Amino acid sequence: MRLFSIRHALSVFVLVTGLALLSTTAFAGPNGPTKPSGVTPLGAIIGTLTVTGVQTIAPSDECSSVSVTVTGAVQGTVDDHGGLDDITFDLWDDGSLKASQTVSVPVGATRNIAVTLSFLGRYLTGAAGVGVYAGELGWSADPFYPTDVTGNCPMKCWISPESAKVGDYISIQVEIPAPAAPTVVRAYNGDVPIASMSDPDGDGIYSGTWRVPASPSLGWKTQFSVMAKEGSIVRWCPGFKLIPSVIE
């Protein structure tokens, strides 16, 4: 009778231990790492966490990207430092950590969160979708499938030379990757159009010429941009500057 009790006790111990180990690894998925056994989640989720996201597919993977956002409410439970509970969210793809962000929540308080994690390129297909993890919460969404959307590679614009004085001519150029085929490409100084641009050789680089005016009243020293219009789609390439070689 005593032998049976010992065997029964051992069986119960093994069963309970096995269930405990399963509970610590239950949030592991095909993209992220297996959570070490014996680690107990520390944070608390209030309600549910929601994951949304998109995979922007551009003509080149260099211009493609994946972005996911986790929203919901979490409660601080453990003092990691200064009365704050640090909760880290990770984005994984095929066993590779792609992005991470930590939010700090006062212990005993509840905080609404909106954590965005992203990386350049498209997710791999060795494992399904991507994996979103919060180890401190014992939570994951893996696999998560971002919604595919079509995107374009960003326009790149520049001028030559970058330094000029009154009366000089500058060349303005913008690269617009295929499959975009704008019908109107125009350079602006502030809100004023200064040059129509064209691509005579069809290489996706549009060029235009502008002469530096005598008056800087249009803000020509800093405010330049290029607009490309294709049907109802309008795209802008802002940010390049003309440095005056002689200040008038």
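Residues numbered from 1 in each chain as written. Predicted model: local features only at pLDDT ≥ 70, side-chain atom pairs only at ≥ 80, totals over all residues. Heavy atoms only, no water.

Further remarks concern the overall build of the chain. Along the chain, the regular secondary structure elements total 1 helix and 17 strands. Residue pairs at least 24 apart in sequence account for 60% of intrachain contacts in the chain once pairs closer than 6 positions are excluded. Surface summary for the chain: the accessible area is close to 13600 Å², and the carbon and sulfur share equals 57%. (Helix = DSSP H or I, 4+ residues; strand = E, 2+ residues; numbered from the N terminus. Contact = heavy atoms within 4.5 Å. Areas by Shrake-Rupley, 256 points an atom, 1.4 Å probe, with all protein chains shown as cover.)

Now for the sheet that holds strand 2 (residues 65–75). The sheet built from 4 strands is open, its strands ordered 5-2-1-8 with mixed pairing. The outermost strands of the open sheet, each flanked by one partner alone, are strand 5 (110–120) and strand 8 (147–150). Each strand axis lies, on average, 20° off the axis of its neighbour in the sheet, ignoring direction. In terms of strand pairing, strand 1 (residues 44–57) meets strand 2 through 10 bridges, oriented antiparallel. Each bridged residue has a counterpart across the sheet, and for threonine 50 the counterpart in strand 2 is threonine 71. (Pairing = 2+ DSSP bridges. Axes fitted to C-alpha atoms, helices over the stretch in contact; angles between N-to-C directions.)

Glancing now at the nonpolar core. If you look at soluble globular proteins, the nonpolar side chains tend to sit buried side by side. Phe89 and Trp139 are the most contacted members of the largest nonpolar core, which has 24 residues in total. Elements that contribute at least two residues to this core include exactly strand 1, strand 2, strand 3 (84–93), strand 4 (96–106), strand 5, strand 6 (130–134) and strand 7 (139–144). Ala164, Met197, Val212 and Ala228 belong to the second-largest nonpolar core, a separate cluster that totals 22 residues. (Core = buried A, V, L, I, M, F, W, Y, C linked by side-chain atoms within 4.5 Å. Buried < 20%, exposed > 50% of the residue type's maximum accessible area, 1.4 Å probe, protein only.)

Strand order in this open sheet of 3 strands is 9-11-14, and the pairing throughout is antiparallel. The outermost strands of the open sheet, each flanked by one partner alone, are strand 9 (156–160) and strand 14 (205–211). For this sheet, the mean angle separating the axes of adjacent strands, direction not counted, is 20°. Relative to strand 14, strand 11 (residues 169–175) is paired through 7 bridges, and the arrangement is antiparallel. Looking across to strand 14, one finds that glutamine 173 is bridged to serine 207.

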